[in-house]
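So you can see what is in the structure, the chains are spelled out below.
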Amino acid sequence: MPMVALVVLAAMLAPAAAGEVRFGKNVRVGGHDFSNQTFDSKHRARIYLYNHKPRKEGCIWRSDGRGGRVKVCHLQRK
């Protein structure tokens, strides 16, 4: 299951990927719940996983400067 999550995240972050990624039920990234979230070219995600406790733990929506939003997450692996 972790390998599938990494492939999906890589596809979301690739600049040539034009489409929509919709997570279904029970989707976990690094032990954190990402169920029922949708990301596309206007609503993207940038997820950083750490082996230690990150300085700014959690997720926040930010503007990407091009009219879209980016969900930036700094998460500790569980």
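Remember, it's a predicted structure, so these values are computed and weren't measured experimentally. (Residues numbered from 1 in each chain as written. Predicted model: local features only at pLDDT ≥ 70, side-chain atom pairs only at ≥ 80, totals over all residues. Heavy atoms only, no water.)

Draft legend 1. The arrangement of the environment of Ser41 in detail. Following the sequence through the fold, Ser41 ends up in the loop between strand S4 (38-39) and strand S5 (43-50). Taking the relative accessible area as the measure of exposure, Ser41 reaches 57% and is therefore exposed. A C-alpha to C-alpha distance of 7.2 Å links Ser41 and Gly19, two positions 22 residues apart in sequence. (Helix = DSSP H or I, 4+ residues; strand = E, 2+ residues; numbered from the N terminus. Buried < 20%, exposed > 50% of the residue type's maximum accessible area, 1.4 Å probe, protein only.)

Draft legend 2. Just the pairing of strand S7 (residues 69-76), in detail. Pairing of S5 with S7 involves eight bridges; the strand directions are parallel. The residue of S7 that forms the bridge with Tyr48 is His74. As judged from the six bridges shared by strand S6 (residues 58-63) and S7, these two strands associate in the antiparallel manner. Across the sheet, Trp61 pairs through a bridge with Lys71, a residue of S7. Here S6 folds back onto S7, and the loop between the two strands holds five residues, one of which, Gly65, carries a positive phi near 85°. (Pairing = 2+ DSSP bridges.)

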